[in-house]
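Residues per chain, in single letters:
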Amino acid sequence: MTGTPFSVATRTTGAGAVVTVEGELDVATAPRLRAEVAALVLKPGQVLVVDLAGVTFCDSSGISALIAARNVAEAAGAAVALAALPARLSRTFGLIGLADFFPTYPSAEDAFRD
């Protein structure tokens with residue numbers, strides 16, 4: 001929609017992993033997010049933070065990929081959190097009943113502090 005190049009990158013910490021997503025998270029790019037998360041090695045008690053500050057658009061495929069990320073984290077005994085959730089996506093989550101499905105934080109660092 002906006003033409004922003006899509007990227008997904010991961011950095012790990014002792015407390016878990018931060019997956020940073022930028023650009024349009026849609027049917028064409030959601031598989032890349034799914035693959036990035038599937039490749040993570042999470043341990044029980046860690047947190048998987050998905051940083052969405054750079055997301056310019058998210059369709060149902062992107063939302064599905066975020067739910068899949070939550071499932072991967074839970075299967076590993078880890079928690080999941082979303083950081084810097086764009087207002088448009090936050091509103092969408094509210095409309096479709098996912099507002100309480102993901103804990104959200106202003107930043108990845110805030111997610112690890114909780």
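Residues numbered from 1 in each chain as written. Predicted model: local features only at pLDDT ≥ 70, side-chain atom pairs only at ≥ 80, totals over all residues. Heavy atoms only, no water.

Participant: Go over unusual backbone geometry, please, and point to the residues and values.
Facilitator: Within the chain, A84 stands out as a residue other than glycine whose phi angle is a positive 55°. Checked against the element boundaries, A84 lands in the loop between β4 (79-83) and α3 (87-96). Overall, A84 belongs to the partly exposed group, its relative accessible area being 23%. (Helix = DSSP H or I, 4+ residues; strand = E, 2+ residues; numbered from the N terminus. Buried < 20%, exposed > 50% of the residue type's maximum accessible area, 1.4 Å probe, protein only.)

Participant: Explain the side chain of D51 residue by residue, including any values.
Facilitator: Positionally, D51 belongs in strand β3 (residues 47-58). Notably, D51 is buried but unbridged: the nearest opposite-charge side chain belongs to R11, and the N-O separation is 6.0 Å. A distance of 3.0 Å separates a polar atom in the side chain of D51 from the backbone nitrogen of A53. Ignoring any residue separated from it by four or fewer positions in sequence, one finds D51 in contact with V18, V19, T20, V21, A83 and A84. (Lys, Arg positive; Asp, Glu negative; His and termini not counted. Salt bridge = Lys/Arg side-chain N within 4 Å of Asp/Glu carboxyl O. Polar contact = N/O pair within 3.5 Å; in protein donor to acceptor, adjacent residues only side chain to side chain. Contact = heavy atoms within 4.5 Å.)

Participant: Explain the packing of helix α1 (residues 30-38) against helix α2 (residues 60-75) to me, using residue names and the numbers behind them.
Facilitator: Here α1 crosses α2 at 10°, and the two axes come no closer than 9 Å. When the axes of α1 and α2 are compared, the pair comes out roughly parallel. Between α1 and α2, the contacting residues are A30, L33, R34 and V37 on the first element and S61, G62, S64, A65, L66, A68, A69 and V72 on the second. By residue class, the composition of the contact of α1 with α2 is eight nonpolar, three polar and one charged. (Axes fitted to C-alpha atoms, helices over the stretch in contact; angles between N-to-C directions. Parallel < 35°, antiparallel > 145°, perpendicular 65-115°, else oblique. Nonpolar A, V, L, I, M, F, W, Y, C, P; charged D, E, K, R; others polar.)

Participant: Describe in detail the pairing of β3, supporting the description with residues and values.
Facilitator: Examined bridge by bridge, strand β2 (residues 16-25) and β3 share nine bridges and lie parallel to one another. Bridging from a neighbouring strand, E22 pairs with G54 of β3. Following the backbone out of β2, through α1 and into the adjacent parallel β3, one traces a crossover that is right-handed. As judged from the five bridges shared by β3 and β4, these two strands associate in the parallel manner. If you follow V49 over to β4, its bridge partner there is A81. In this region the chain leaves β3, passes through α2 and returns to the parallel neighbour β4; the handedness of that crossover is right-handed. (Pairing = 2+ DSSP bridges. Right-handed = clockwise from strand over helix to strand, strands pointing away.)

Participant: Break down the sheet that holds strand β1 (residues 7-13) for me, citing the residues and quoting the values.
Facilitator: Taken together, five strands build an open sheet; the order of strands is β1-β2-β3-β4-β5 and the sheet is mixed. At either margin of the open sheet sits one strand with a lone partner, and together these are β1 and β5 (104-105).

Participant: Please provide a residue-by-residue account of the nonpolar core, values included.
Facilitator: Among the nonpolar cores identified, the biggest contains 29 residues, and V21, L33, L48, L52, L66 and F93 are the most heavily contacted of them. Going through the elements one at a time, β2, α1, β3, α2, β4 and α3 are the ones with two or more residues in this core. Excluding residues within four positions of it along the chain, L66 makes contact with L25, L33, V50, L52, L82, L89, F93 and F102. Listed in part, the eight residues of the second largest apolar core include V18, V49, A83 and Y105. (Core = buried A, V, L, I, M, F, W, Y, C linked by side-chain atoms within 4.5 Å.)

Everything listed here is a matter of geometry and, on its own, says nothing about what the molecule does.
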